[in-house]
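Examination of the molecular architecture
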Amino acid sequence: MSRIAYVNGHFVSHRHACIHIEDRGNQFADAVYEVWGVRNGALMDFEGHMLRLARSLTELQIHRPMGDAALGTILSRVVSLNYIRNGLIYLQISRGQARRDHVFPPPDTRPGIMITAKPINFEKAESRARKGISVITQPDTRWARRDIKSVSLLPNVLARQAAAEAGAGECWMIDREGFITEASASNAWIVNSDGTLITRPATHDILNGITRRTLFDLARKAGLKTQERAFTRDEVLAAREAFVTSASALLTPVVEIDGKAVANGHPGTFSLQLRESYVATANDRARKQVNRPSVWLVARRGERPVT
Ligand code: PDD
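What you are looking at is a predicted structure, and each value in this text was computed from that prediction instead of being measured.

1. Quick look at the sheet that holds strand β3 (residues 31–39)
Note: strands within a sheet are paired through backbone hydrogen bonds, in either parallel or antiparallel orientation. Strand order across the open sheet formed by six strands is β2-β1-β6-β5-β3-β4, with antiparallel pairing between neighbours. The sheet is open, and its two edges are formed by β2 (10–13) and β4 (42–43), each paired on a single side. Two elements, β3 and β4, share two bridges in a ladder whose sense is antiparallel. The residue of β4 that forms the bridge with R39 is A42. In the packing of helix α3 (residues 68–81) onto the sheet, contacts are made with β1 (4–7), β2, β3, β4, β5 (87–94) and β6 (112–119), and the angle to β6 comes to roughly 35°.

Spelled out as structure tokens, the structure:
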């Protein structure tokens, strides 16, 4: 089955999808992106990602190509056209195509937009979560506005590659003061000895993960102790549990850091229970979302949509 992408107003076959060589996303990383998890054919945390997208665009003064409703319809269409039940959907919006010049192009330049989707094997992700992952650490060499979800990801790519070469699942990055900021593509958490969930505050230093925020709300509602503060690698080694959160990893336990076991070297019950309740909430939200645009239903039933 051929994959379908959406590029600048057109649904096209993934193989033939292309953007102009002078798209500013290509030349300057002058673009932002979002990644939604797709669960049972519905986009997870739809509004949260939309809000963060709006914020990233505003911060970089990139025009919105269309309103939320239109964008939501196109996103769900890409989900259904690719028959995605469980997977990820990627959206990128650039400042548009213009002759190369660092200065912004004229205000009437149309933003560039592209959307792709891919399936995820949730069983595989579940077994990865049950096993837990190891992480390595490296200095955080990124720019000072990590709260903006820009496509300028080279330090993240290098960090993740270093993790892969070390046989680890993620790289946790460390600031100049010795505190962990976040991982290359996920947020970092620990559970300390008195059962408090700790993650770094959402300042300019990290990306304010949508999964992170949903999990925080869940934990607070469940009456768990939470704390937003920076923590060190030594605190990870003294922690009862550690984990990462993201749209793709959901909540995945961390069992080893720089070759040393976290707690007993196995995923903690806290993390696994939290993952379970996060997945249950996501499924519940997905069910409710299905009642919205009709295309959700098409994606859920796996039927061929009317094009
Ligand atoms: N990454 N921190 C960084 C640096 C990230 O790239 C991501 C997401 C997160 C978690 O954000 P969220 O919970 O909203 O997915 C934190 C996505 C999945 C990616 O780049 O593929």
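2. Examining the nonpolar core
L75, I89 and L91 are the most contacted members of the largest nonpolar core, which has 25 residues in total. Contributing elements (two or more residues each) for this core: β3, α2 (46–59), α3, β5 and β6. Sort the elements by how many residues they give to this core and α3 lands first, with five residues. In terms of nonpolar packing, the next biggest core, distinct from the first, is built from 18 residues, I198, A242, I257 and V262 among them.

3. Overview of the domain arrangement of the chain
You can read the domains of the chain as domain 1 (4–120) and domain 2 (125–286). Here domain 1 and domain 2 have C-alpha centroids that lie 26 Å from each other. Taken together, the contact between domain 1 and domain 2 spans 24 residues of the former and 24 residues of the latter. The three residues of domain 1 that bury the most area against domain 2 are Y33, D45 and R52, which together make up 32% of that side's buried surface. For the pair domain 1 and domain 2, the number of links is two salt bridges. For R55, the salt bridge is made with D147, and the minimal N-O distance between the two is 2.9 Å. Applying the counting rule to domain 1 against domain 2 returns nine residue pairs in polar contact (both at pLDDT 80 or more).

4. Details of helix α4 (residues 122–131)
For α4, every residue scored as buried is listed here: F122, A125 and A129. In an axial view of α4, the angular spread of the buried residues amounts to 55°, which keeps them on one side of the axis. Along α4, exposed side chains directed more than 90 degrees from the buried face belong to E123, K124, R130 and K131. The backbone nitrogen of E123 lies 3.0 Å from a side-chain oxygen of the residue at the head of α4, namely N121.

5. Here we look at the pattern of salt bridges
For the structure shown, the criterion picks out 20 salt bridges. Two residues, D175 and R200, come together in a salt bridge whose shortest N-O distance is 3.1 Å. With D175 in the loop between β8 (170–174) and β9 (180–183) and R200 in the loop between β11 (197–199) and α6 (210–221), this pair connects stretches of sequence that are 25 residues apart. Of the two residues, D175 and R200, both sit in the buried class. A salt bridge links R200 to D205; the nearest nitrogen and oxygen atoms lie 2.9 Å apart. The class of R200 is buried, set by a relative accessible area of 7%. Assessed through its relative accessible area of 28%, D205 is described here as partly exposed. Residues joined in a network through salt bridges with shared partners are R55, E59, R145 and D147.

Rules used throughout
Residues numbered from 1 in each chain as written. Predicted model: local features only at pLDDT ≥ 70, side-chain atom pairs only at ≥ 80, totals over all residues. Heavy atoms only, no water. Pairing = 2+ DSSP bridges. Helix = DSSP H or I, 4+ residues; strand = E, 2+ residues; numbered from the N terminus. Contact = heavy atoms within 4.5 Å. Axes fitted to C-alpha atoms, helices over the stretch in contact; angles between N-to-C directions. Core = buried A, V, L, I, M, F, W, Y, C linked by side-chain atoms within 4.5 Å. Buried < 20%, exposed > 50% of the residue type's maximum accessible area, 1.4 Å probe, protein only. Domains from an automatic or database assignment. Buried area = accessible area lost by both parts, 1.4 Å probe. Salt bridge = Lys/Arg side-chain N within 4 Å of Asp/Glu carboxyl O. Polar contact = N/O pair within 3.5 Å; in protein donor to acceptor, adjacent residues only side chain to side chain. Arc of directions from axis to C-beta.

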